[in-house]
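# Structural description and commentary
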Amino acid sequence: MLKSIFAASVAVAALTGAAHAQDSYDLQFQSSDNSGTAAFEVQQAWAEHIGEMSDGRISVEMLPVGSIVEYNETLDAVGAGILDGHITDSSYFTGKDAAFALIGNPVGAYSSAEELRAFFNEGGGTELYNEIVNPYGVQFIGPAAQTAESIPSAVPIDSVEDFQGVKMRAPEGMVQSAFAAAGASPVNLPQSEVFTSLDKGVISAADATTLATNHSMGLHDVAKHPIWPGFHSLPLNEVSITKATWDQMSEEDRQILTDSVVWYADELAERISARDEEVAEELRARDDVTIHSWGEDEKREFRQIAQEQWADYAERSENAQRVYDALTSYLTEQGLL
């Protein structure tokens, strides 16, 4: 009898322990940003914030780009559970479906992080994106965005015409197509190779990231003609998790993650914007760097070229057409198109 009671007690303890284990999570997220960059620092702060919000029940280890898989392989890695999540530019997965280009970085669509987030939060973008990524085993938690990206360049570029023949880094997707249409010669490189490629003259310019993050990567030491403020590219910085993990989480934990992404998005936009201004002042004080700021006519010309790519991408898949329809409808309603 005593043996039976003891055995039952052990079984109950084991079940209780198992249930408790399911209520705590040790997660690995991989970023598309390099360690030491301004963006990655905010992502590390986000990981700490989740721990505080959840009283330590949800622990997130942020890994820099390339730690486990290549930057354009994280979608599959998250779906397979090799990674628990990622924070990345969604357009890196354009090779899988053209929809990733349109939802990840519709070049010329947004002028601020707030406009991008509004499409996802108010224009149905979050629901639509989950319909696209759920079949990959991934759950999109929420959107974030930095400031519009600058272009570090080793040569002066003051107009669309100046892009003719310039070999430049541009990520796979619509950004690459837009620069090609503008006359540049795009090269697909991970951010981790941008500095070396600029330094060795493999490329002359780069669509990389924001002015602040470019500076933290040392790019202005080898590309001394940055184009800023940015106007061409404001990509979705998605925060996603393995769907199987999301599905087993409690509603409380899902809400913690959702709220944490809102915190991250606010913090990212605020910090990067402030840091951009600081870096701009620093660069203006240097004799060896010249900031090139485009006029409205030049910006409009490039954006028109870029937007012509939208319809082309929409024809490439059913999902891409759905994104195109939703995006253009929303932007038209908002008076942004």
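Presented here is a report on the structure given in the accompanying data block. Just so it is clear, the model here is predicted, and its values are computed rather than measured. (Residues numbered from 1 in each chain as written. Predicted model: local features only at pLDDT ≥ 70, side-chain atom pairs only at ≥ 80, totals over all residues. Heavy atoms only, no water.)

Next up on the list: the sheet that holds strand E6 (residues 185–187). Where strands meet in a sheet, backbone hydrogen bonds hold them as pairs that are either parallel or antiparallel. Spatially, the 3 strands line up as an open sheet ordered E6-E5-E7, and their pairing is parallel. In this open sheet, the two edge strands, each paired with only one partner strand, are E6 and strand E7 (205–206). (Pairing = 2+ DSSP bridges. Helix = DSSP H or I, 4+ residues; strand = E, 2+ residues; numbered from the N terminus.)

With that out of the way, let us pick up the pattern of salt bridges. If you walk through the whole model with that rule in mind, you get 16 salt bridges. As a salt-bridge pair, glutamate 251 and arginine 254 come within 3.2 Å of each other at their nearest N and O atoms. Of this pair, glutamate 251 and arginine 254 both sit in helix H11 (residues 251–284), 3 residues apart, which is roughly one turn of the helix. The class of glutamate 251 is exposed, set by a relative accessible area of 59%. Residue class for arginine 254 comes out buried when judged on its relative accessible area of 18%. For aspartate 312, the salt bridge identified is with arginine 316, shortest N-O distance 2.6 Å. A residue is classified by how much of its surface remains accessible, and aspartate 312, at 33% relative accessible area, is partly exposed. Overall, the relative accessible area of 46% leaves arginine 316 in the partly exposed class. When salt bridges with common partners are traced through the structure, they connect Asp221, Lys224, Arg286 and Asp288 into a single cluster. (Salt bridge = Lys/Arg side-chain N within 4 Å of Asp/Glu carboxyl O. Buried < 20%, exposed > 50% of the residue type's maximum accessible area, 1.4 Å probe, protein only.)

Our next topic: the environment of alanine 170. Relative to the helices and strands, alanine 170 resides in the loop between strand E5 (167–169) and helix H7 (174–181). C-alpha of alanine 170 to C-alpha of proline 190: the two residues are 20 residues apart in sequence and 9.1 Å apart in space. If near-sequence neighbours (up to four positions away) are discounted, alanine 170 is found in contact with Val175, Gln176, Phe179, Pro186, Val187, Asn188 and Asp207. (Contact = heavy atoms within 4.5 Å.)

This part takes up the packing of helix H12 (residues 296–314) against helix H13 (residues 318–333). One can describe the packing of H12 onto H13 by two numbers: an axis separation of 8 Å at closest approach and a directional angle of 140°. Residue-level contacts link Trp310, Ala311, Tyr313 and Ala314 of H12 to Ala320, Gln321, Tyr324, Thr328 and Leu331 of H13. When grouped by side-chain class, the residues that make up the contact of H12 with H13 number 7 nonpolar, 2 polar and no charged. (Axes fitted to C-alpha atoms, helices over the stretch in contact; angles between N-to-C directions. Nonpolar A, V, L, I, M, F, W, Y, C, P; charged D, E, K, R; others polar.)

Scanning all chains against the criterion turns up 16 aromatic pairs. On the basis of an interplanar angle of 65° and a centroid distance of 5.8 Å, the ring pair of phenylalanine 100 and tyrosine 136 is categorised as edge-to-face. Placement of phenylalanine 100 in helix H4 (residues 99–104) and of tyrosine 136 in the loop between helix H6 (125–133) and strand E4 (138–144) is noted, with a sequence separation of 36 residues between them. A relative accessible area of 0% places phenylalanine 100 in the buried class. Taking the centre distance of 5.2 Å and the plane angle of 45° together, the rings of phenylalanine 179 and phenylalanine 302 count as tilted. A residue pair is termed long-range when its members are at least 10 positions apart, and phenylalanine 179 in helix H7 and phenylalanine 302 in helix H12 qualify at 123 residues. Phenylalanine 302 shares its class with phenylalanine 179; the two are buried. Ring-pair connections join several aromatic residues into one group, and the members of that group are Phe93, Phe100, Phe119, Phe120, Tyr129, Tyr136, Phe140 and Tyr330. Cation over ring: arginine 316 sits above tyrosine 313, and NZ or CZ is 3.9 Å from the ring centre. (Phe/Tyr/Trp six-rings, centres within 6.5 Å; stacked < 30°, edge-to-face > 60°. Lys NZ or Arg CZ within 6 Å of the ring centre and 35° of its normal.)

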